[in-house]
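These are the residues of each chain, in order.
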Amino acid sequence: MRGTAGTVGRVAVVGAGTIGASWAAYFLSRGLRVAASDPSPGAPDLLKRMIENAWPILMRLGGKADADPTAWTFHADPAAAAEGADFVQENAPERLEVKQPLLARIDAALPPDVVIASSTSGLLASRLSESCAHPERVVIGHPFNPPHLIPLVEVVGGAKGSPEAVAAAMAFYRGIGKHPIEIRKEVPGHLANRLQAALWREAVHLVAEGVASVADVDAAISEGPGLRWALMGPHTTFHLAGGEGGMEHFLHHLLPAVTSWWSDLGNPAVDAEVQRALVAGVAEKTGGADTRELARRRDAALVRLLEARGPSAL
Ligand SMILES: NC(=O)c1ccc[n+]([C@@H]2O[C@H](COP(=O)([O-])OP(=O)(O)OC[C@H]3O[C@@H](n4cnc5c(N)ncnc54)[C@H](O)[C@@H]3O)[C@@H](O)[C@H]2O)c1
């Protein structure tokens, strides 16, 4: 399967909205050529703007000196974009009835040694590949928004997926400077979105119960454990919380308390009133700032964070 160093020169980016355009900019910065496809008439312009805006940051964050921001083509037909590609990154809308026929069409246009990766946030590779003649090469390659900045990519194959395709996708993402993780069993929402969902469920519960405001629940993460989570995950965090005794001491010392909190966690009914409280809470916290401006500030801060942290976390 193509994916290891030197076997991928051209990537098809099918679906060039928020995620596809960001992926395309990243692939270009790593010296790859991109063939993009999207049915929206505005897509080529959006893609051009995305690449131009992201390029200086991408060059600062490890882009190749000889990378060419203009090395992309645009095709109305996804099969035309796929033709001649060594790797496909699909980023169409999150709907099975859109992605399934699209993947079948891409699959029919490619030799079987080309991996087709879907950016889907939560659909299963087994379902997405149902209409493909070669379901074994379909994998999930789930990025985090914005893919040109966040290193994580979650990789998992479906029931008919081949270990070679997963290994090739892992090698491809690693080779272009991403941090891929392999999920051994497909589960809805993959891994990181499930972790986010678990935390957000409790965050909503705490707001719904009047324990704290939206702003303070947010601060409880961003001014606290969120800072450590940019360096290490929850397991390593608690390994260090155990002092010199590490995880073993932590389990001995604090597990009874943690399990008692687990049994008290909430499962909120997000009714109209709770939804109103969440909308009003974020409006109050952000002072009604434009979300595009907030995203711009977030991305600028992300770059500073990534640069300060360096490539390897603890
Ligand atoms: N937005 C996020 O935070 C995020 C994060 C990770 C993964 N994802 C996943 O990435 C994928 C794309 O999400 P997005 O946020 O970029 O959505 P988006 O709406 O910004 O982009 C989707 C693009 O797909 C195009 N499209 C519509 N029908 C198509 C078709 N038949 N073939 C090809 N393209 C088609 C649309 O014109 C649009 O440009 C989804 O599967 C989503 O779950 C999103």
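Residues numbered from 1 in each chain as written. Predicted model: local features only at pLDDT ≥ 70, side-chain atom pairs only at ≥ 80, totals over all residues. Heavy atoms only, no water.

### Things to note about the site of the ligand
Thought 1: What surrounds the ligand is a group of 21 residues, the closest being I19, D38, E94, K99 and S121.
Thought 2: Here an oxygen atom of the ligand sits 2.9 Å away from a polar atom, N or O, in the side chain of T18.
Thought 3: Between an oxygen atom of the ligand and a side-chain N or O atom of D38, the distance comes to 2.6 Å.
Thought 4: Contact with the protein chains covers 72% of the free accessible surface of the ligand, which is 830 Å².
Thought 5: Among the elements of the structure, α1 (18-29), α4 (96-108) and β6 (138-143) are those that each provide at least two residues to the shell around the ligand.
Thought 6: Of all the elements, α4 adds the most residues to the shell around the ligand, at three residues.
Thought 7: When its residues are assigned to classes, the shell around the ligand shows eight nonpolar, ten polar and three charged. (Near = heavy atom within 4 Å. Polar contact = N/O pair within 3.5 Å; in protein donor to acceptor, adjacent residues only side chain to side chain. Areas by Shrake-Rupley, 256 points an atom, 1.4 Å probe, with all protein chains shown as cover. Helix = DSSP H or I, 4+ residues; strand = E, 2+ residues; numbered from the N terminus. Nonpolar A, V, L, I, M, F, W, Y, C, P; charged D, E, K, R; others polar.)

### Structural notes on the UniProt feature "domain: 3-hydroxyacyl-CoA dehydrogenase C-terminal" (unreviewed entry) in the protein chain
Thought 1: UniProt records the feature "domain: 3-hydroxyacyl-CoA dehydrogenase C-terminal" (unreviewed entry) at residues 189-250, using the numbering of this structure.
Thought 2: Structurally, residues 189-250 comprises 71% helix and 0% strand, and the distance from its first C-alpha atom to its last is 29 Å. (UniProt positions renumbered as here; feature names shortened; annotations may be inferred.)

### Overview of unusual backbone geometry
Thought 1: In the segment running from N145 into P146, the intervening peptide bond is cis, with an omega of -5°.
Thought 2: In the Ramachandran plot, H190 falls in the positive-phi region, its phi being about 55° despite a non-glycine side chain.
Thought 3: Tracing the sequence through the fold places H190 in the loop between β8 (179-182) and α7 (192-208).

### A word on the domain arrangement of the protein chain
Thought 1: As assigned here, the protein chain comprises domain 1 (10-182) and domain 2 (192-309).
Thought 2: Here domain 1 and domain 2 have C-alpha centroids that lie 30 Å from each other.
Thought 3: Between domain 1 and domain 2, the residue contacts involve 13 residues of the former and ten residues of the latter.
Thought 4: Contact between domain 1 and domain 2 buries roughly 940 Å² in total, counting both sides, with carbon and sulfur atoms accounting for 63%.
Thought 5: Our count for the domain 1 to domain 2 interface comes out at one salt bridge.
Thought 6: When the shortest N-O distance is used, the salt bridge between E307 and R60 registers 2.8 Å.
Thought 7: At the level of secondary structure, the elements contributing two or more residues to the side of domain 1 that touches domain 2 comprise α2 (43-60) and β7 (152-157).
Thought 8: Grouping the constituent residues of the side of domain 1 that touches domain 2 by class yields eight nonpolar, three polar and two charged. (Domains from an automatic or database assignment. Contact = heavy atoms within 4.5 Å. Buried area = accessible area lost by both parts, 1.4 Å probe. Salt bridge = Lys/Arg side-chain N within 4 Å of Asp/Glu carboxyl O.)

### What about the packing of aromatic side chains?
Thought 1: Tallying each qualifying case throughout the model produces seven aromatic pairs.
Thought 2: A centroid spacing of 5.8 Å and a plane angle of 45° characterise the contact between F27 and F172, whose relative ring orientation is tilted. In this pair, F27 is assigned in helix α1 and F172 in helix α6 (residues 163-175), connecting sequence segments 145 residues apart. This pair shows no difference in class: F27 is buried, exactly as F172 is.
Thought 3: Geometrically, the ring pair formed by F172 and Y173 is tilted, given 5.4 Å between the ring centres and 55° between the ring planes.
Thought 4: Grouping aromatic residues by their ring pairs yields a cluster made of W23, F27, F87, F172 and Y173. (Phe/Tyr/Trp six-rings, centres within 6.5 Å; stacked < 30°, edge-to-face > 60°. Buried < 20%, exposed > 50% of the residue type's maximum accessible area, 1.4 Å probe, protein only.)

### So, the sheet that holds strand β3 (residues 72-75)
Thought 1: Strand order across the open sheet formed by eight strands is β3-β2-β1-β4-β5-β6-β7-β8, with mixed pairing between neighbours. A strand with exactly one partner marks an edge of an open sheet, and here the two such strands are β3 and β8. Averaged over neighbouring strand pairs, the angle between their axes works out to 25° when direction is ignored.
Thought 2: One ladder, built from five bridges, connects β6 with β7; its direction is antiparallel. Residue pairing for β7: H142 is matched across the bridge by E154. (Pairing = 2+ DSSP bridges. Axes fitted to C-alpha atoms, helices over the stretch in contact; angles between N-to-C directions.)

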